[in-house]
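Descriptive structure summary
Read off the chains here:
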Amino acid sequence: MVLDTVSIKRFQQLSEDEDFLARMKKVLDEFDTYMAAKAKRKNPSVAYFCMEYGLDTSLKIYSGGLGILAGDYLKETSDMNTNLVAVGLLYRYGYFNQVLSAQGYQVAGYDAQDFAKIPAVPVLDKDGNWLTVSVAFPGRTLTARLWKVEVGRTDLYLMDTDHEDNIPEDREVTFHLYGGNWENRLKQELLLGVGGIRLLRKLGLNPQVYHCNEGHAAFTGLERLREYIEQDNLDFSEALEVVRASSLFTTHTPVPAGHDAFDEGMLRQYIGHYPDRLKVDWETLMSLGKDNPLDPHEKFSMSNLAANISQNVNGVSMLHGKVSQEIFAHMYPGYLPEELFVSYVTNGVHYPTWCAPEWKPVHAKVFGPEFATHHYDKSCFEGIYKISDEEVWNVKKSLKVKLIDFLRERLMDKTVSNHYSPTELVTILENLRDDVLTIGFARRFATYKRATLLFRDLDRLDKIVNNPAQPVQFLFAGKAHPADKAGQDLIKQIVDISKDPRFIGKIVFVPGYDITLAKRMVQGVDVWMNNPTRPQEASGTSGEKAAMNGTMHFSVLDGWWVEGYKEGAGWALPIEQAYEDNNFQNELDAATIYQILENDIAPAYYNVDRTTGRSREWVGYIKNTIAKVACDFTTNRMLTDYINQYYDPQAKDVTDMVAKDFKKARELAAWKNRVRREWENVIQVSRSQPANTYDISQAQPLHSEVELQLGSLTPEEVGVEAVFAQVDAHGKLHIVEVQECKVDSFQDGVAKYSADVVPDKTGAYQVGARVFAKNPLLPHRQSFECVKWL
């Protein structure tokens, strides 16, 4: 696209410019050296599936946080030379372009991508024919062409249905990201999952680990089950063990309603042939995505499917991991949410992408030589303390000037900006300043993100914004989903307030939110503000991008900020909700925001030494943000966590599972089937029942005895444990202590178990006995449904 803007005459001039040619050769040599390391990639090999990837504005296959995160992740796998291949869809129109009308309403525009001018090339076979994959649809076959995007050393393969081999209806499958009705969404997810696996096989790729980044890609599991059953002669339960051992599911959604689910009737049309291929009945297939496969009214959850076909499930921040345990608790009824194997890897951002060019040479001086290799210790970020206050201040000042200049240009572009009249625009351009405290807010406009919280008390905000000694300006940007009327109304409300004479040019809404605008804002503002409704922010990465640039975060303690907040490196609103009534809570949070702005943030920024012309206090915040916050939220740390927690262990697990003609898979599946048949025969014979209230001490522990009839099972296969729990202030039960009982005797199919228990802490407890199936081959016992409470 850049080359299209260069004239032939200019090309001819450059071809004779020795200085230019020398610089070009240097860049090319560096690139070739970088790419040569691709041949040295080692296992584990990973396939990564996602509906969207935010790599650059030139490739419109992303909408928001999920895509930007996936794009950053691919760039990091390239930098760290991880053996990963990615799969997605190539959209003709992608996500919408945002234009604002004169009244401040968001207007969605869709521009077709010219596939000849994007950084993707067709994948051809040895004879020069375009490679395709096909997926069976009702009465027809969907065909998708394959494209390749080289994200450095990492290959991203995309599928596109907009070609003449498909009927008009099916050509539209890859028109819009998250576009169309639920049937089109189902088609997209079948193409991503089923088609994605077939794409890999067509390219001769058979990775060890399959990573579903959100539940959209969960149909990968169905296709892989089919492969093992048809090609390796495994039965359904055996194939499921292999697929689980090699699958990882990352969920990004903090609310149950955000998980895709499809009507059973629609599924019968599109995957009604799969039970025959998997050699199971329809109800067994439905049980992978439904709690009750016999209920035709219950929708089939893609997140349930993803969890059921994956050995591991993770959220994207520590708090979101806990929220996800609650969301998926219904799938594991024998256990409390906190006992589940659902864990987390906190999201990060790609340093080379989001860190401003002005900062990189500064960091390079003090971060050490290992930093450039992408294999470094995060403590290297503390090198920022070696940089002089003057240099730090000047870098941030120059970035703000750059931002304001960019915004002036964007606001004057009538192709995206019609929401301000010429008169208003003149006033805005006059009032916008690069020497005042500037606070940014830019993200998807969903109601839970509370974009308008700042405007609860306009009179108080007026005093903050127009304080003659400590003025503050606010910059807003972001898109609302075209179907989200409430989100679009928030944008309209902000535009209206920004036209108020008190705020014009001091509160500004900037249209056309994209990667380019996001970069300018996180790099150029002084403070990044975020105020979601707790705990609905899964992670959030815009604040992490800001931290890379010494921009302080000011947010509710939710998502990543629960882990990231450090005193002296940003500001936080409390993690707990004071009121159940959201209106009261919003009022309290708004008042807290005003108070922190007035008493902490503005005074620190304007605490300027007259001799130096800068605020030493503010520079301290900048340095602390880079040294103490940014270091923990890179994709470098994130990818390292995924490798250590999931990729390496699961690659080993699946290798063991398939060895010797799938010996472990067959053994584990056979054992599970036997235990399921016998589980109803595991019956309590007797149990020592203490009084309703009793005292426990070291001298007088709780002695618990249980006798069980085990049927044909053995004590090694059936465990019993004493569980101590307490109820918190919100009425939720929490495990305090669990102690497994030892086997005292086993005779005539009856096992006697006992335990002496003394909890570590004093208090009132609820005590219960739980029986569960045991096998050292189980990666997580919670995922096996044979558990009962006595």
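I will try to describe carefully the structure that is included in this document. (Residues numbered from 1 in each chain as written. Predicted model: local features only at pLDDT ≥ 70, side-chain atom pairs only at ≥ 80, totals over all residues. Heavy atoms only, no water.)

1. Focus: the sheet that holds strand β22 (residues 702–709)
Strand order in this open sheet of 4 strands is β21-β22-β26-β25, and the pairing throughout is antiparallel. Edge positions in the open sheet fall to β21 (683–687) and β25 (742–747), since each of these has one partner strand only. Adjacent strand axes in the sheet meet at a mean angle of 25° when their direction is disregarded. Bridge analysis of β21 against β22 gives 4 bridges, and the strand direction is antiparallel. Its bridge partner being in β22, Ile-683 is matched across the sheet by Gln-709. (Pairing = 2+ DSSP bridges. Helix = DSSP H or I, 4+ residues; strand = E, 2+ residues; numbered from the N terminus. Axes fitted to C-alpha atoms, helices over the stretch in contact; angles between N-to-C directions.)

2. So, the nonpolar core
Counting 141 residues, the largest nonpolar core has Tyr-48, Tyr-53, Leu-156, Phe-219 and Tyr-647 as the members making the most contacts within it. Tallying contributions element by element places helix α24 (residues 635–678) first for this core, with 14 residues. Sequence-distant contacts of Phe-219, defined by excluding residues within four places in its chain, comprise Leu-186, Glu-189, Leu-190, Gly-193, Val-194, Leu-267, Ile-271, Phe-300, Met-302 and Leu-305. With 103 residues, the next largest nonpolar core counts Cys-355, Phe-445, Phe-509 and Val-522 among its residues. (Core = buried A, V, L, I, M, F, W, Y, C linked by side-chain atoms within 4.5 Å. Buried < 20%, exposed > 50% of the residue type's maximum accessible area, 1.4 Å probe, protein only. Contact = heavy atoms within 4.5 Å.)

3. Observations concerning the side chain of Thr-634
Relative to the assigned elements, Thr-634 resides in the loop between α23 (616–629) and α24. On the accessibility criterion, Thr-634 (2% relative accessible area) is buried. Dropping the residues within four chain positions of it, Thr-634 is found in contact with Gly-348, Val-349, Tyr-376, Phe-381 and Met-548.

4. Points about the sheet that holds strand β19 (residues 552–556)
The 6 strands are arranged β17-β16-β15-β18-β19-β20 in an open sheet whose pairing can be described as parallel. Strands at the two margins of the open sheet, each flanked by one partner only, are β17 (507–509) and β20 (571–573). Averaged over neighbouring strand pairs, the angle between their axes works out to 20° when direction is ignored. Against the sheet, helix α22 (residues 582–605) engages β15 (437–442), β16 (472–477), β18 (527–530), β19 and β20, with an angle of about 170° to β20.

5. Points about empty space enclosed by the protein
The gaps left among the atoms become clear once a water-sized probe is rolled over them. Summed over the entire model, instances satisfying the criterion amount to 1 cavity of 30 Å³ or more. Of the voids in this model, the largest cavity is the one considered here, and its volume is about 100 Å³. Lining the largest cavity, in full, are Glu-241, Arg-244, Ala-245, Ser-310, Gln-311, Met-657, Leu-668, Lys-672, Leu-778, Pro-779, His-780 and Ser-783. Listed by contribution, the elements that provide at least two residues to the lining of the largest cavity are α7 (236–245) and α24. Here the residues of the lining of the largest cavity are counted per class, giving 5 nonpolar, 4 polar and 3 charged. (1 Å grid on protein atoms, 1.4 Å probe; cavity = no way out; pocket = protein on both sides within 12 Å on 5 of 7 lines; lining within 4 Å. Points joined across faces, edges and corners; volume = space filled by probe spheres on them. Nonpolar A, V, L, I, M, F, W, Y, C, P; charged D, E, K, R; others polar.)

6. Quick look at α22
Between its first and last C-alpha, α22 extends 32 Å over 24 residues, near the 34 Å set by a 1.5 Å rise per residue. At Leu-597, α22 shows its maximal bend, which comes to roughly 45°. (Expected span 1.5 Å × (residues − 1). Bend = angle between axes of the 7 residues up to and from the residue.)

7. As for the pattern of salt bridges
The full count for this structure, using the stated rule, is 49 salt bridges. The salt bridge partner of Lys-378 is Asp-632, with a shortest N-O separation of 2.5 Å. With Lys-378 in the loop between α14 (360–366) and α15 (389–411) and Asp-632 in the loop between α23 and α24, the pair connects residues that are 254 residues apart, well separated along the chain. Overall, Asp-632 belongs to the buried group, its relative accessible area being 18%. With a closest N to O distance of 3.2 Å, Lys-652 and Asp-656 form a salt bridge. Of the two residues, Lys-652 and Asp-656 are both situated in helix α24; the distance of 4 residues between them amounts to about one turn of the helix. Residue classification places Asp-656 among the partly exposed residues on the basis of a relative accessible area of 29%. What you see here is one network of salt bridges that share partners, running through Arg-140, Glu-169, Asp-170 and Lys-187. (Salt bridge = Lys/Arg side-chain N within 4 Å of Asp/Glu carboxyl O.)

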